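Chain residues, written in single-letter form:
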Amino acid sequence: MDDGRTIGDSLAGIDAEAWRLLEQGAADPQSGFHYVTLATVSRTGVAQARTVVLRAAAVAERMLEIHTDVRSPKWAELAEQPDATVLGFCNTTRVQLRLQGSAVLFSPESDVSRKAWQGLSPTTRSTYQGGPPGDDLVFTPAAQAAAADAPDGAGQANFGVVRFRVSMLDWFRLQRSDNRRALFAYGAGGKIVTQLWVNP
């Protein structure tokens, strides 16, 4: 669980704490940052946002990882326009993290996706065995029997990994008074190139 620790006024401390919360979010299903919002742009220029599970966070690489069905609209949207935004808010710490960056896609045949697939539970693997996301859902005895009898690796061909390289972090702490907000820009190697306080 998030412990809501006080981070003071150090910009370096805020950056470190933000990434600690993200790493905790990936590891702890009870964390306020386990579920985040991924925002993309459709091929027709319409903003799209959906909740995704944060699977990994790496401060050294300034990277977030999510898993998805490669038949989903977000996969196609990121393939065409990799620039995206990830947004998270934890009600316990009252911290909002808005991260801008670019997505790198790893197809089902890639070593990255194969390794990630091996780490999934049978229940999670089964979610990739059905029809494409957004298609009509058909509840028939035949369809249910086919899903139940599907081999364990049946959904692997639909499983992909998205690694999101963060270039900017917008940190915001919502309080009853004295709200705080800070911006961080990351350069090569994940190093901070700009950090500053801004008006909330």
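Cut-offs used in this document
- Here the residue numbering is sequential within each chain, running from 1 through the sequence in written order.
- Reporting of local features is limited, given that this is a predicted model, to residues whose pLDDT is at least 70; pairs of side-chain atoms are given and counted only at 80 or more, and all residues count toward the totals for whole chains, interfaces and linings.
- The basis for every side-chain value is the complete set of heavy atoms in the structure, and neither hydrogens nor water enter the calculation.
- Partly exposed residues are those whose accessible area sits between 20% and 50% of the maximum for their type, while under 20% is buried and over 50% is exposed, using a 1.4 Å probe and protein chains only.
- Counting from the N terminus, the helices are the DSSP runs of H or I reaching at least four residues and the strands are the DSSP runs of E reaching at least two.
- Relevant arc is that of directions from the helix axis to the C-beta atoms, nothing else.
- We call two residues in contact whenever any of their non-hydrogen atoms come within 4.5 Å of each other.
- The nonpolar core is taken to be a set of buried Ala, Val, Leu, Ile, Met, Phe, Trp, Tyr and Cys residues, with the residues joined through side-chain atoms within 4.5 Å.
- Buriedness of a pocket was judged along seven lines, with at least five required to meet protein on both sides within 12 Å; pockets are open sets of points on a 1 Å grid over the protein atoms alone, cavities are sets where a 1.4 Å probe fits but cannot get out, and lining residues have an atom within 4 Å of a point.
- Grid points are joined across faces, edges and corners, and a volume is the space filled by probe spheres set on the points.
- The residue classification treats Ala, Val, Leu, Ile, Met, Phe, Trp, Tyr, Cys and Pro as nonpolar and Asp, Glu, Lys and Arg as charged. All others, Gly included, are polar.
- At least two bridges found by DSSP between two strands are what make those strands a pair.
- We define a salt bridge as a side-chain nitrogen of Lys or Arg found within 4 Å of a carboxyl oxygen belonging to Asp or Glu.

For this particular structure, what's the right way to read helix 2 (residues 73–80)?
Each full turn of the α-helix corresponds to 3.6 residues, which orients residues three or four apart in the same direction. By the burial criterion, the buried members of helix 2 are Lys74, Trp75, Glu77 and Leu78. All buried residues of helix 2 fall inside an arc of 165 degrees around its axis, so they share one side. Relative to its buried face, helix 2 has exposed residues pointing more than 90 degrees away, namely Ala79 and Glu80. The elements touched by buried residues of helix 2 are strand 1 (35–41), strand 2 (47–53), strand 4 (63–69), strand 5 (83–90), strand 6 (95–106) and strand 7 (159–173).

Honestly, the nonpolar core in this entry has me stumped. Any pointers?
Nonpolar side chains in soluble globular proteins generally cluster together in the buried interior. Core analysis: the largest hydrophobic core is formed by 33 residues, its most contacted members being Leu64, Leu97 and Leu99. The element contributing the most residues to this core is helix 1 (residues 11–27), with seven residues. Sequence-distant contacts of Leu97, defined by excluding residues within four places in its chain, comprise Ala18, Leu22, Phe33, Val86, Leu87, Gly88, Leu169, Asp170 and Trp171. Counting seven residues, the second largest nonpolar core, distinct from the first, contains Phe106, Ala116, Tyr128 and Val161.

Help me understand the layout of surface pockets in this model?
Think of a ball as big as a water molecule: rolled over the atoms, this probe shows where empty space is left. Looking at the second largest pocket, its volume works out to about 250 Å³. Lining the second largest pocket are 16 residues, with His67, Thr68, Asp69, Lys74 and Tyr128 positioned closest to its centre. For the lining of the second largest pocket, the secondary structure elements donating two or more residues are strand 2 and strand 4. Broken down by element, the lining of the second largest pocket gets its largest block of residues, four residues, from strand 2. Partitioned by chemical class, the residues of the lining of the second largest pocket number four nonpolar, seven polar and five charged.

Sorry, what's going on with the pairing of strand 1 here?
Put simply, side chains in a regular strand alternate between the two faces of the sheet. Covered by surrounding structure in strand 1 are Val36, Leu38 and Thr40 only, the residues Tyr35, Thr37, Ala39 and Val41 on the alternate face being uncovered. Bridge count between strand 1 and strand 2: seven bridges; the pairing is antiparallel. From the neighbouring strand, Leu38 faces strand 2, where its bridge partner is Arg50. Linkage of strand 1 to strand 2, two consecutive antiparallel strands, is achieved through a turn of five residues, within which Gly45 is found at a positive phi near 85 degrees. As judged from the three bridges shared by strand 1 and strand 5, these two strands associate in the antiparallel manner. Within strand 5, the residue paired with Thr37 across the bridge is Leu87.

What exactly am I supposed to notice about empty space enclosed by the protein here?
The final tally for this structure, using the stated rule, is one cavity of 30 Å³ or more. Of the voids in this model, the largest cavity is the one considered here, and its volume is about 70 Å³. Lining of the largest cavity is provided by Val36, Leu38, Val52, Leu54, Leu64, Ile66, Val86, Val162 and Phe164. Of all the secondary structure elements, the ones that give two or more residues to the lining of the largest cavity are strand 1, strand 4 and strand 7.

In this structure, what is going on with the pattern of salt bridges? I would like to understand it.
When the charged atoms of two side chains lie near each other, side chains of opposite charge can form a pair. Counted by the stated rule, this structure contains nine salt bridges. Asp15 is the salt-bridge partner of Arg62, the closest N and O atoms lying 3.2 Å from each other. One end of the pair, Arg62, is in the loop between strand 3 (56–58) and strand 4; the other, Asp15, is in helix 1, with 47 residues separating them in the sequence. Across the pair, Asp15 and Arg62 agree in class, each one buried. Between Arg163 and Glu65 there is a salt bridge whose closest N-O contact spans 2.9 Å. Of this pair, Arg163 sits in strand 7 while Glu65 sits in strand 4, and the two are 98 residues apart along the sequence. Classification of Arg163 as partly exposed rests on a relative accessible area of 23%. For Glu65, a relative accessible area of 9% corresponds to the buried category. Overlapping salt bridges bring together Arg98, Asp170 and Arg181 as one network.

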